[in-house]
Amino acid sequence: MAKELGKLKAQLTDQEIEWTFNPPKAAWFGGHFEVFIGLIKKAIFRSIPSLNILLNDEELATLTTEISRMLNNRPLTYVSPDGVNSVLTPAHFMIGSQITSEIVCPESISKDCKSRYLFLIKYLNKVWKKLSQDYLPKLNLRQKWHTDGNNFGIGNIVLIKDINSKRGSWPIAIIEKLEMGEDNIARSATLRSRGKIVRRALNSLSPIVSVESFSVAAEALRGEL
């Protein structure tokens, strides 16, 4: 094992790749990525229909690949005024675009294989729903600029938090109108999403910060150092 690790380290060094490991039993050092690992594990185990049903190597690889596609297509920021058609995702930094390939059942397939395919799709849909239920509510809490009231305005680009959306889909919309409550605080909004006008409560939306906002924050931080 030590010999293999030595070879791997040499190969990574040649490519100028340096690994940084967390201390043992200190998952909180990982920050954001450890949160995702916990959410994924929880979603997978909570979605298992029966402990008597096991996945083979190929099915497990398919499961983890599809979960990776779901998460790597999540919106991080946007780069143009319209926002809706210019969202950046983790996949853009890896392959230059979103990951669009999905699991497709071959036309000629045995009855047993088709049964396993349908089982895996059903399992993946459950994982996506559980992951959405756990991840989406955390988005607003992570907003550094969260204050009393809300931070939404007309023209803002938002993510619609919908646990019933298609597997791996992250609905993006632009706020067309804000509707005020009796306390003169906006409680709901009219949105334009994929050419349709929809109405949603603000607590079911999460703001997506523009690239310019990140740049301004970075400049401010450098000025404080």
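Residues numbered from 1 in each chain as written. Predicted model: local features only at pLDDT ≥ 70, side-chain atom pairs only at ≥ 80, totals over all residues. Heavy atoms only, no water.

Section: the overall build of the protein chain
A count of helices and strands for the protein chain gives 6 helices and 7 strands. For the protein chain, the succession of helices and strands along the chain, N to C, is α-α-α-β-β-α-α-β-β-β-β-β-α. Partitioning the intrachain contacts of the protein chain with sequence separation of at least 6 by distance along the chain shows that 56% fall at a separation of at least 24. When the accessible surface of the protein chain is split by element, carbon and sulfur atoms take 57% of a total near 15400 Å². (Helix = DSSP H or I, 4+ residues; strand = E, 2+ residues; numbered from the N terminus. Contact = heavy atoms within 4.5 Å. Areas by Shrake-Rupley, 256 points an atom, 1.4 Å probe, with all protein chains shown as cover.)

Some points on the packing of aromatic side chains
The tally for this structure, following the rule as stated, stands at 4 aromatic pairs. Consider the rings of tyrosine 135 and tryptophan 170, whose centres lie 5.9 Å apart with planes at 90°: the pair is edge-to-face. You can see tyrosine 135 sitting in helix α5 (residues 111-141) and its partner tryptophan 170 sitting in the loop between β3 (157-160) and β4 (172-180), a full 35 residues away along the chain. Residue tyrosine 135 is classed as buried on the basis of its relative accessible area, which comes to 6%. (Phe/Tyr/Trp six-rings, centres within 6.5 Å; stacked < 30°, edge-to-face > 60°. Buried < 20%, exposed > 50% of the residue type's maximum accessible area, 1.4 Å probe, protein only.)

Re the pairing of β4
Here β3 pairs with β4 via 3 bridges, running antiparallel. Following the sheet pairing, isoleucine 157 is matched in β4 by isoleucine 174. Pairing analysis gives 6 bridges linking β4 to strand β5 (residues 186-193), with the strands arranged antiparallel. Across the sheet, the residue bridging to lysine 177 is threonine 190, located in β5. (Pairing = 2+ DSSP bridges.)

A word on unusual backbone geometry
For asparagine 184, which is not a glycine, the phi torsion comes out positive at approximately 65°. Mapped onto the secondary structure, asparagine 184 falls in the loop between β4 and β5. A relative accessible area of 61% means that asparagine 184 is categorised as exposed.

Description of the nonpolar core
Formed by 25 residues in total, the largest nonpolar core has its most connected members in Leu63, Tyr135 and Leu159. Within the residue set of this core, elements represented by two or more residues are α2 (32-47), α3 (57-72), α5, β3 and β4. Residue contributions to this core peak at 9 residues, all from α5. Dropping the residues within four chain positions of it, leucine 63 is found in contact with Ile44, Leu55, Tyr123, Leu124 and Val127. Grouped together as the second largest cluster of nonpolar side chains are 11 residues, Val158, Ala173, Ile175 and Ala186 included. (Core = buried A, V, L, I, M, F, W, Y, C linked by side-chain atoms within 4.5 Å.)

Focus: the confidence of the model for the protein chain
Here the protein chain averages 77 in pLDDT, and 81% of its residues register 70 or above. By mean pLDDT, helix α6 (residues 211-224) is the weakest element of the protein chain at 51, and strand β6 (residues 196-201) is the strongest at 90. Residue range residues 142-146 is modelled with pLDDT below 50. Its contacts to residues more than four positions away, or to other chains, number 9 contacts. (pLDDT = per-residue confidence, 0-100.)

So, the side chain of asparagine 73
Summarising the element assignment, asparagine 73 is placed in the loop between α3 and β1 (77-78). Relative accessible area serves as the criterion here: at 5%, asparagine 73 is assigned to the buried category. In this structure asparagine 73 touches Thr89, Ala91, Gln98, Ile99 and Trp170, once residues within four positions along its chain are discounted.

A word on the packing of α2 against α3
With their axes 12 Å apart at the nearest point, α2 and α3 run at an angle of 130° to one another. Taken as axis vectors, α2 and α3 run oblique relative to one another. Crossing hand, α2 versus α3: right-handed. Judged by residue contacts, Phe36, Ile40 and Ile44 of α2 engage Leu63, Ile67 and Leu71 from α3. The residue makeup of the contact of α2 with α3, split by class, is 6 nonpolar, no polar and no charged. (Axes fitted to C-alpha atoms, helices over the stretch in contact; angles between N-to-C directions. Parallel < 35°, antiparallel > 145°, perpendicular 65-115°, else oblique. Left-handed = near helix turned anticlockwise from the far one by under 90°. Nonpolar A, V, L, I, M, F, W, Y, C, P; charged D, E, K, R; others polar.)

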